[in-house]
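Descriptive structure summary
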Amino acid sequence: MSTYPEYKLVQKCLLEIEDKLGWGNSSSWHNDVFIELSETIQQKTHVLLSPTTLKRVWGRITYASAPSISTLNTLSQFAGYVNWRDFKNKAKTNKPSWLAQKVTANIGVIVGSAALMTLVFISLYSMTGRSKPQVIDAEDIQFTSQPITEGLPNSVVFDFNLKSIKSDSIFIQQFWDKTKTIRIRNNQQEQATGIYYYPGYFRSKLLVDGDIIKEHDLFIKSNSWLGTIDYKPVPKYFDGTDLSLNIDLLEEIANNSEPIGTSYHFVKDFGDVSGDHINVQSSVQNLYRDKWGVCQRFRIVILGTKGALSIPFSIPGCVSDIGLMLNERYWSGKEHDLSAFGIDIATPRDIGISIKNRDVRIAVDRQEIFNDTYNESIGDFVGIRYRFIGAGKIIQLSIKDKNENTILSNGSN
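Let me begin by describing the structure that accompanies this report. For every chain, the first residue of the written sequence is number 1, and numbering continues from 1 onward in sequence order. In keeping with the model being predicted, local features are shown solely for residues with a pLDDT of at least 70 and side-chain atom pairs are shown and tallied solely at 80 or more, while totals for entire chains, interfaces and linings include all residues. Derived side-chain values reflect all non-hydrogen atoms in the structure, with water molecules and hydrogen atoms excluded from consideration.

This part is about the overall build of the protein chain. Within the protein chain, the secondary structure is distributed over 8 helices and 21 strands. Burial here depends on accessible area, computed with a 1.4 Å probe over protein chains only, as a share of the maximum for the residue type. Under 20% is buried, over 50% is exposed, and the range in between is partly exposed. Of all 413 residues assigned to the protein chain, the portion counted as buried reaches 46%. A separation of at least 24 residues holds for 63% of the contacts in the protein chain among residues at least 6 apart in sequence. Element-wise, carbon and sulfur atoms account for 50% of the exposed surface of the protein chain, whose accessible area totals about 21700 Å². In DSSP terms, a helix is any run of H or I states spanning at least four residues, a strand is any run of E spanning at least two, and both are numbered starting from the N terminus. Contacts between residues were defined by any pair of non-hydrogen atoms, one from each residue, lying within 4.5 Å. Only the protein chains shown count as cover for residues, and all accessible areas are computed by the Shrake-Rupley method using a 1.4 Å probe.

Listed below in C-alpha coordinates is the structure:
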(Lines give C-alpha, C1' and ligand atoms only; values in the text may rest on other atoms or scores of the structure.)
Protein backbone atom coordinates (compact mmCIF):
# COMPACT_ATOMS: atom_id res chain seq x y z
CA MET A 1 0.00 0.00 0.00
CA SER A 2 1.41 3.39 -0.98
CA THR A 3 1.68 5.99 1.79
CA TYR A 4 2.43 9.72 2.05
CA PRO A 5 5.04 11.45 4.28
CA GLU A 6 2.70 12.08 7.25
CA TYR A 7 0.85 8.76 6.97
CA LYS A 8 1.93 7.48 10.42
CA LEU A 9 0.87 10.72 12.11
CA VAL A 10 -2.52 10.58 10.40
CA GLN A 11 -2.99 6.98 11.55
CA LYS A 12 -2.19 8.06 15.11
CA CYS A 13 -4.85 10.77 14.88
CA LEU A 14 -7.39 8.28 13.52
CA LEU A 15 -6.68 5.87 16.38
CA GLU A 16 -7.32 8.66 18.88
CA ILE A 17 -10.66 9.35 17.17
CA GLU A 18 -11.59 5.64 17.30
CA ASP A 19 -10.78 5.55 21.02
CA LYS A 20 -12.82 8.71 21.55
CA LEU A 21 -15.85 7.29 19.72
CA GLY A 22 -15.80 3.82 21.26
CA TRP A 23 -17.44 2.34 18.16
CA GLY A 24 -15.06 -0.60 17.90
CA ASN A 25 -12.28 -1.27 15.41
CA SER A 26 -12.70 0.72 12.19
CA SER A 27 -11.99 -2.40 10.11
CA SER A 28 -15.59 -3.48 10.75
CA TRP A 29 -17.20 -0.10 9.98
CA HIS A 30 -19.57 -0.06 7.01
CA ASN A 31 -21.23 2.74 5.04
CA ASP A 32 -23.78 3.70 7.72
CA VAL A 33 -21.01 4.15 10.28
CA PHE A 34 -19.15 6.63 8.06
CA ILE A 35 -22.41 8.52 7.45
CA GLU A 36 -22.96 8.79 11.21
CA LEU A 37 -19.33 9.80 11.73
CA SER A 38 -19.72 12.54 9.11
CA GLU A 39 -22.73 13.95 10.98
CA THR A 40 -21.00 13.62 14.38
CA ILE A 41 -17.92 15.50 13.19
CA GLN A 42 -20.09 18.21 11.66
CA GLN A 43 -22.02 18.69 14.92
CA LYS A 44 -18.80 19.27 16.88
CA THR A 45 -16.62 21.14 14.36
CA HIS A 46 -19.31 22.72 12.12
CA VAL A 47 -17.36 21.33 9.14
CA LEU A 48 -18.80 18.63 6.90
CA LEU A 49 -16.46 15.82 5.85
CA SER A 50 -18.33 13.53 3.48
CA PRO A 51 -18.53 9.77 4.16
CA THR A 52 -16.48 9.27 0.98
CA THR A 53 -13.69 11.54 2.29
CA LEU A 54 -13.69 9.69 5.61
CA LYS A 55 -13.50 6.34 3.85
CA ARG A 56 -10.48 7.56 1.91
CA VAL A 57 -8.69 8.74 5.05
CA TRP A 58 -9.43 5.45 6.81
CA GLY A 59 -8.14 3.51 3.80
CA ARG A 60 -11.48 1.97 2.83
CA ILE A 61 -11.25 3.54 -0.64
CA THR A 62 -8.03 3.41 -2.64
CA TYR A 63 -6.69 6.95 -2.97
CA ALA A 64 -3.05 7.82 -3.64
CA SER A 65 -3.01 11.45 -2.48
CA ALA A 66 -2.62 12.68 1.09
CA PRO A 67 -5.68 14.18 2.85
CA SER A 68 -6.09 17.92 2.35
CA ILE A 69 -5.00 20.26 5.12
CA SER A 70 -8.63 21.28 5.73
CA THR A 71 -9.54 17.61 6.27
CA LEU A 72 -6.60 17.13 8.66
CA ASN A 73 -7.50 20.30 10.56
CA THR A 74 -11.08 19.10 11.01
CA LEU A 75 -10.06 15.61 12.16
CA SER A 76 -7.57 17.13 14.61
CA GLN A 77 -10.23 19.46 16.01
CA PHE A 78 -12.61 16.54 16.44
CA ALA A 79 -9.85 14.65 18.29
CA GLY A 80 -9.49 17.58 20.69
CA TYR A 81 -6.70 19.70 19.20
CA VAL A 82 -6.66 23.23 17.81
CA ASN A 83 -5.65 22.10 14.31
CA TRP A 84 -3.36 19.68 12.48
CA ARG A 85 -0.24 21.66 13.42
CA ASP A 86 -1.20 21.49 17.09
CA PHE A 87 -1.71 17.73 16.84
CA LYS A 88 1.67 17.22 15.14
CA ASN A 89 3.52 19.34 17.67
CA LYS A 90 2.01 17.51 20.63
CA ALA A 91 2.46 14.11 19.01
CA LYS A 92 6.17 14.81 18.37
CA THR A 93 6.87 16.30 21.81
CA ASN A 94 5.22 13.49 23.78
CA LYS A 95 8.15 11.76 25.44
CA PRO A 96 8.16 8.03 26.24
CA SER A 97 6.69 7.18 29.60
CA TRP A 98 8.87 5.95 32.49
CA LEU A 99 7.73 2.41 31.74
CA ALA A 100 8.57 2.74 28.04
CA GLN A 101 12.04 4.04 28.91
CA LYS A 102 12.65 1.08 31.23
CA VAL A 103 11.45 -1.35 28.59
CA THR A 104 13.80 0.18 26.01
CA ALA A 105 16.76 0.04 28.38
CA ASN A 106 16.19 -3.63 29.18
CA ILE A 107 14.94 -4.84 25.85
CA GLY A 108 17.57 -7.58 25.60
CA VAL A 109 16.60 -9.14 28.91
CA ILE A 110 12.92 -8.89 28.09
CA VAL A 111 13.28 -10.54 24.68
CA GLY A 112 15.33 -13.40 26.18
CA SER A 113 12.80 -13.97 28.94
CA ALA A 114 9.92 -13.87 26.48
CA ALA A 115 11.61 -16.49 24.30
CA LEU A 116 12.10 -18.78 27.29
CA MET A 117 8.49 -18.36 28.41
CA THR A 118 7.29 -19.12 24.89
CA LEU A 119 9.18 -22.42 24.88
CA VAL A 120 7.73 -23.33 28.28
CA PHE A 121 4.21 -22.49 27.10
CA ILE A 122 4.56 -24.57 23.94
CA SER A 123 5.77 -27.54 25.97
CA LEU A 124 2.88 -27.27 28.42
CA TYR A 125 0.37 -26.80 25.59
CA SER A 126 1.64 -29.95 23.86
CA MET A 127 1.40 -32.01 27.04
CA THR A 128 -2.17 -30.96 27.81
CA GLY A 129 -3.34 -31.97 24.36
CA ARG A 130 -5.75 -29.04 24.23
CA SER A 131 -8.36 -29.28 21.47
CA LYS A 132 -8.51 -27.02 18.44
CA PRO A 133 -10.78 -23.94 18.41
CA GLN A 134 -14.43 -24.89 17.95
CA VAL A 135 -15.92 -24.78 14.48
CA ILE A 136 -19.37 -23.17 14.46
CA ASP A 137 -21.90 -24.20 11.83
CA ALA A 138 -24.19 -21.20 11.33
CA GLU A 139 -26.92 -23.49 10.00
CA ASP A 140 -27.28 -25.00 13.48
CA ILE A 141 -27.70 -21.61 15.16
CA GLN A 142 -31.11 -20.01 15.71
CA PHE A 143 -31.23 -16.20 15.91
CA THR A 144 -34.53 -14.32 15.60
CA SER A 145 -36.16 -11.29 17.20
CA GLN A 146 -39.58 -9.89 17.96
CA PRO A 147 -40.56 -6.39 19.21
CA ILE A 148 -42.54 -6.57 22.43
CA THR A 149 -45.00 -3.81 21.54
CA GLU A 150 -45.78 -1.14 18.98
CA GLY A 151 -44.55 2.42 19.23
CA LEU A 152 -41.41 3.85 20.83
CA PRO A 153 -39.39 3.19 22.87
CA ASN A 154 -39.62 -0.51 22.09
CA SER A 155 -37.96 -3.47 23.74
CA VAL A 156 -37.10 -6.40 21.50
CA VAL A 157 -36.84 -10.07 22.49
CA PHE A 158 -33.99 -11.93 20.78
CA ASP A 159 -34.43 -15.71 20.63
CA PHE A 160 -31.42 -17.95 20.06
CA ASN A 161 -30.08 -21.44 20.60
CA LEU A 162 -26.41 -21.44 21.62
CA LYS A 163 -26.12 -24.80 23.38
CA SER A 164 -23.49 -25.98 20.91
CA ILE A 165 -21.27 -22.90 21.49
CA LYS A 166 -18.69 -22.59 24.25
CA SER A 167 -17.40 -19.04 24.54
CA ASP A 168 -16.98 -16.22 27.04
CA SER A 169 -17.50 -13.63 24.29
CA ILE A 170 -21.04 -13.76 22.88
CA PHE A 171 -22.81 -10.52 22.01
CA ILE A 172 -25.86 -9.29 20.14
CA GLN A 173 -25.10 -6.08 18.24
CA GLN A 174 -28.39 -4.21 17.88
CA PHE A 175 -27.42 -2.21 14.79
CA TRP A 176 -24.32 -0.65 13.20
CA ASP A 177 -23.12 1.10 16.39
CA LYS A 178 -20.84 -1.43 18.12
CA THR A 179 -21.45 0.18 21.49
CA LYS A 180 -25.12 -0.85 21.31
CA THR A 181 -24.55 -4.47 22.27
CA ILE A 182 -26.07 -7.03 24.62
CA ARG A 183 -23.69 -9.41 26.37
CA ILE A 184 -24.84 -13.04 26.58
CA ARG A 185 -23.77 -14.93 29.70
CA ASN A 186 -22.51 -18.51 29.57
CA ASN A 187 -25.71 -19.92 31.03
CA GLN A 188 -27.99 -17.61 29.02
CA GLN A 189 -28.91 -19.97 26.23
CA GLU A 190 -32.27 -18.91 24.86
CA GLN A 191 -33.31 -15.24 25.18
CA ALA A 192 -32.11 -11.67 25.67
CA THR A 193 -33.74 -8.25 25.29
CA GLY A 194 -32.68 -4.86 23.96
CA ILE A 195 -34.27 -1.42 23.62
CA TYR A 196 -34.70 0.84 20.56
CA TYR A 197 -35.51 4.55 20.83
CA TYR A 198 -36.14 5.40 17.15
CA PRO A 199 -38.17 3.67 14.45
CA GLY A 200 -36.33 2.24 11.46
CA TYR A 201 -35.15 -0.80 9.56
CA PHE A 202 -32.14 -2.26 11.36
CA ARG A 203 -29.73 -5.17 10.96
CA SER A 204 -29.00 -7.15 14.13
CA LYS A 205 -25.94 -9.40 14.48
CA LEU A 206 -24.97 -12.35 16.66
CA LEU A 207 -21.23 -12.27 17.38
CA VAL A 208 -19.13 -15.07 18.87
CA ASP A 209 -15.48 -14.28 19.68
CA GLY A 210 -15.80 -11.17 17.49
CA ASP A 211 -17.09 -13.02 14.41
CA ILE A 212 -20.57 -12.48 12.94
CA ILE A 213 -22.33 -15.85 13.09
CA LYS A 214 -25.88 -14.80 12.18
CA GLU A 215 -27.68 -11.59 11.26
CA HIS A 216 -31.21 -10.60 10.35
CA ASP A 217 -33.38 -7.54 9.66
CA LEU A 218 -35.34 -5.97 12.48
CA PHE A 219 -38.27 -3.65 11.76
CA ILE A 220 -39.19 -1.13 14.47
CA LYS A 221 -42.36 0.67 13.40
CA SER A 222 -44.07 3.82 14.56
CA ASN A 223 -47.26 3.01 12.57
CA SER A 224 -48.33 6.64 12.97
CA TRP A 225 -46.66 10.04 13.20
CA LEU A 226 -44.14 10.22 16.04
CA GLY A 227 -42.37 13.41 17.11
CA THR A 228 -39.02 13.49 18.92
CA ILE A 229 -36.76 16.11 20.44
CA ASP A 230 -33.48 14.40 19.72
CA TYR A 231 -31.70 14.49 23.06
CA LYS A 232 -28.91 11.92 23.47
CA PRO A 233 -28.90 9.13 24.41
CA VAL A 234 -32.68 9.16 25.00
CA PRO A 235 -35.01 11.37 22.93
CA LYS A 236 -38.10 13.10 24.25
CA TYR A 237 -41.30 11.96 22.52
CA PHE A 238 -44.33 14.03 21.66
CA ASP A 239 -47.50 13.49 19.65
CA GLY A 240 -46.53 14.12 16.04
CA THR A 241 -50.03 13.92 14.59
CA ASP A 242 -50.21 17.68 13.97
CA LEU A 243 -46.69 17.67 12.45
CA SER A 244 -45.90 20.74 14.53
CA LEU A 245 -44.81 21.71 18.07
CA ASN A 246 -46.76 23.47 20.79
CA ILE A 247 -45.49 26.58 22.55
CA ASP A 248 -44.07 24.65 25.54
CA LEU A 249 -41.90 22.46 23.30
CA LEU A 250 -40.73 25.48 21.30
CA GLU A 251 -39.69 27.25 24.52
CA GLU A 252 -37.84 24.11 25.66
CA ILE A 253 -35.88 24.03 22.40
CA ALA A 254 -35.15 27.77 22.52
CA ASN A 255 -33.84 27.51 26.09
CA ASN A 256 -31.48 24.64 25.27
CA SER A 257 -27.85 25.77 25.43
CA GLU A 258 -26.67 23.31 22.75
CA PRO A 259 -27.91 22.65 19.20
CA ILE A 260 -30.81 20.23 19.30
CA GLY A 261 -32.82 18.58 16.54
CA THR A 262 -36.50 17.72 16.28
CA SER A 263 -37.87 15.01 14.03
CA TYR A 264 -41.13 13.64 12.69
CA HIS A 265 -41.13 9.92 11.89
CA PHE A 266 -43.59 7.69 10.08
CA VAL A 267 -42.34 4.10 9.72
CA LYS A 268 -44.50 1.08 8.93
CA ASP A 269 -45.00 -1.82 6.52
CA PHE A 270 -46.46 -0.28 3.36
CA GLY A 271 -46.51 -3.62 1.56
CA ASP A 272 -45.13 -4.02 -1.94
CA VAL A 273 -44.25 -0.36 -2.56
CA SER A 274 -40.93 0.29 -4.26
CA GLY A 275 -38.80 2.99 -2.67
CA ASP A 276 -37.23 3.53 -6.10
CA HIS A 277 -40.50 4.70 -7.63
CA ILE A 278 -42.48 7.11 -5.40
CA ASN A 279 -43.48 10.75 -5.34
CA VAL A 280 -43.23 12.92 -2.20
CA GLN A 281 -44.87 16.36 -2.10
CA SER A 282 -44.71 18.41 1.09
CA SER A 283 -44.83 21.96 2.38
CA VAL A 284 -42.52 22.84 5.28
CA GLN A 285 -41.81 25.84 7.47
CA ASN A 286 -39.10 26.65 10.01
CA LEU A 287 -40.23 27.56 13.56
CA TYR A 288 -36.92 28.45 15.23
CA ARG A 289 -34.24 30.75 13.77
CA ASP A 290 -32.34 32.10 16.79
CA LYS A 291 -28.84 31.25 18.11
CA TRP A 292 -27.71 27.93 16.59
CA GLY A 293 -30.94 27.64 14.54
CA VAL A 294 -30.03 30.52 12.24
CA CYS A 295 -29.10 28.24 9.31
CA GLN A 296 -32.59 26.67 9.24
CA ARG A 297 -31.06 23.30 8.35
CA PHE A 298 -33.43 20.40 7.81
CA ARG A 299 -33.49 17.20 5.82
CA ILE A 300 -36.04 14.79 4.40
CA VAL A 301 -35.05 11.14 4.71
CA ILE A 302 -36.80 8.50 2.61
CA LEU A 303 -36.37 5.08 4.22
CA GLY A 304 -36.17 1.74 2.44
CA THR A 305 -35.47 -1.85 3.42
CA LYS A 306 -32.05 -1.72 1.72
CA GLY A 307 -31.02 1.93 1.94
CA ALA A 308 -32.15 5.54 2.18
CA LEU A 309 -32.17 8.94 0.48
CA SER A 310 -31.35 12.06 2.51
CA ILE A 311 -32.29 15.43 0.98
CA PRO A 312 -30.85 18.47 2.84
CA PHE A 313 -31.77 22.16 2.86
CA SER A 314 -30.57 25.31 4.63
CA ILE A 315 -30.55 29.05 4.06
CA PRO A 316 -28.24 30.02 1.14
CA GLY A 317 -25.40 31.17 3.40
CA CYS A 318 -25.07 27.74 5.08
CA VAL A 319 -25.10 25.34 2.10
CA SER A 320 -21.38 24.63 2.55
CA ASP A 321 -22.30 22.60 5.64
CA ILE A 322 -24.92 20.32 4.09
CA GLY A 323 -24.60 17.02 2.24
CA LEU A 324 -26.90 15.19 -0.17
CA MET A 325 -27.13 11.37 -0.07
CA LEU A 326 -28.83 9.18 -2.66
CA ASN A 327 -28.20 5.75 -1.18
CA GLU A 328 -24.61 4.88 -2.21
CA ARG A 329 -23.94 8.32 -3.73
CA TYR A 330 -23.00 11.41 -1.71
CA TRP A 331 -22.47 15.10 -2.53
CA SER A 332 -20.70 17.25 0.06
CA GLY A 333 -21.39 20.97 0.22
CA LYS A 334 -17.65 21.42 0.72
CA GLU A 335 -16.84 19.76 -2.59
CA HIS A 336 -19.94 20.44 -4.72
CA ASP A 337 -22.17 23.38 -5.50
CA LEU A 338 -25.35 22.71 -3.52
CA SER A 339 -26.52 26.32 -3.65
CA ALA A 340 -29.82 25.21 -5.23
CA PHE A 341 -30.66 23.63 -1.86
CA GLY A 342 -30.26 26.99 -0.16
CA ILE A 343 -33.78 28.15 0.63
CA ASP A 344 -35.32 30.26 3.38
CA ILE A 345 -38.18 28.38 5.04
CA ALA A 346 -39.19 31.16 7.41
CA THR A 347 -42.34 31.05 5.28
CA PRO A 348 -43.87 27.83 3.91
CA ARG A 349 -42.05 26.29 0.90
CA ASP A 350 -43.28 23.49 -1.34
CA ILE A 351 -40.77 20.68 -1.85
CA GLY A 352 -41.26 17.89 -4.35
CA ILE A 353 -39.19 14.70 -4.59
CA SER A 354 -39.97 12.48 -7.58
CA ILE A 355 -38.24 9.09 -7.88
CA LYS A 356 -38.73 6.99 -11.02
CA ASN A 357 -36.54 3.94 -11.51
CA ARG A 358 -33.83 5.53 -9.28
CA ASP A 359 -33.91 8.81 -11.19
CA VAL A 360 -34.40 11.58 -8.62
CA ARG A 361 -35.86 14.99 -9.38
CA ILE A 362 -36.14 17.61 -6.65
CA ALA A 363 -38.20 20.77 -6.98
CA VAL A 364 -38.79 23.81 -4.75
CA ASP A 365 -41.98 25.77 -5.36
CA ARG A 366 -42.45 23.69 -8.53
CA GLN A 367 -39.06 24.74 -9.95
CA GLU A 368 -36.68 21.80 -10.47
CA ILE A 369 -33.36 22.33 -8.66
CA PHE A 370 -31.71 18.90 -8.99
CA ASN A 371 -31.78 15.78 -11.16
CA ASP A 372 -29.51 12.74 -10.85
CA THR A 373 -29.57 8.98 -10.31
CA TYR A 374 -28.32 6.32 -7.93
CA ASN A 375 -27.45 2.70 -8.71
CA GLU A 376 -28.26 0.51 -5.72
CA SER A 377 -31.94 -0.02 -4.90
CA ILE A 378 -33.22 1.20 -1.53
CA GLY A 379 -35.71 -1.68 -1.54
CA ASP A 380 -39.30 -1.39 -0.41
CA PHE A 381 -40.48 1.95 0.96
CA VAL A 382 -40.91 1.75 4.75
CA GLY A 383 -41.22 5.36 5.86
CA ILE A 384 -40.12 8.96 5.94
CA ARG A 385 -38.37 11.21 8.44
CA TYR A 386 -38.23 15.04 8.60
CA ARG A 387 -35.41 16.32 10.80
CA PHE A 388 -34.95 19.99 11.71
CA ILE A 389 -32.00 21.57 13.54
CA GLY A 390 -34.13 23.59 15.87
CA ALA A 391 -37.81 23.19 15.06
CA GLY A 392 -40.12 23.12 12.07
CA LYS A 393 -43.51 21.94 10.92
CA ILE A 394 -45.00 20.10 7.96
CA ILE A 395 -48.03 21.89 6.61
CA GLN A 396 -48.94 19.50 3.82
CA LEU A 397 -47.76 16.03 2.81
CA SER A 398 -48.67 13.54 0.10
CA ILE A 399 -46.75 10.39 -0.91
CA LYS A 400 -47.84 8.36 -3.93
CA ASP A 401 -46.63 5.06 -5.35
CA LYS A 402 -45.82 4.36 -9.00
CA ASN A 403 -49.52 3.86 -9.77
CA GLU A 404 -50.33 7.33 -8.36
CA ASN A 405 -52.09 5.79 -5.35
CA THR A 406 -51.75 7.90 -2.19
CA ILE A 407 -50.02 5.81 0.49
CA LEU A 408 -49.42 8.55 3.08
CA SER A 409 -50.79 12.05 3.65
CA ASN A 410 -51.57 14.54 6.41
CA GLY A 411 -53.41 12.85 9.23
CA SER A 412 -52.44 9.31 8.15
CA ASN A 413 -52.37 6.83 11.03
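Our focus in this paragraph is the nonpolar core. Buried Ala, Val, Leu, Ile, Met, Phe, Trp, Tyr and Cys residues that are joined via side-chain atoms within 4.5 Å together make up what is termed a nonpolar core. Of all hydrophobic cores here, the largest spans 52 residues; its most connected members are Phe313 and Tyr386. It is strand 19 (residues 381-389) that contributes the most residues to this core, 5 residues altogether. Excluding anything up to four places from it in sequence, Tyr386 contacts Trp225, Thr262, Ser263, Tyr264, Val280, Ser282, Val284, Arg299, Ile300, Ile394 and Leu397. In this structure, Tyr4, Ile17, Val33 and Tyr81 belong to the second largest nonpolar core, which totals 25 residues.

Side chains that are three or four residues apart share a direction in an α-helix, a result of its 3.6 residues per turn. All of the buried residues along helix 4 (residues 69-79) are Thr71, Leu72, Thr74, Leu75, Ser76, Phe78 and Ala79. Downstream of helix 4 by a residue or two, Gly80 has a phi angle that is positive, lying close to 110°.

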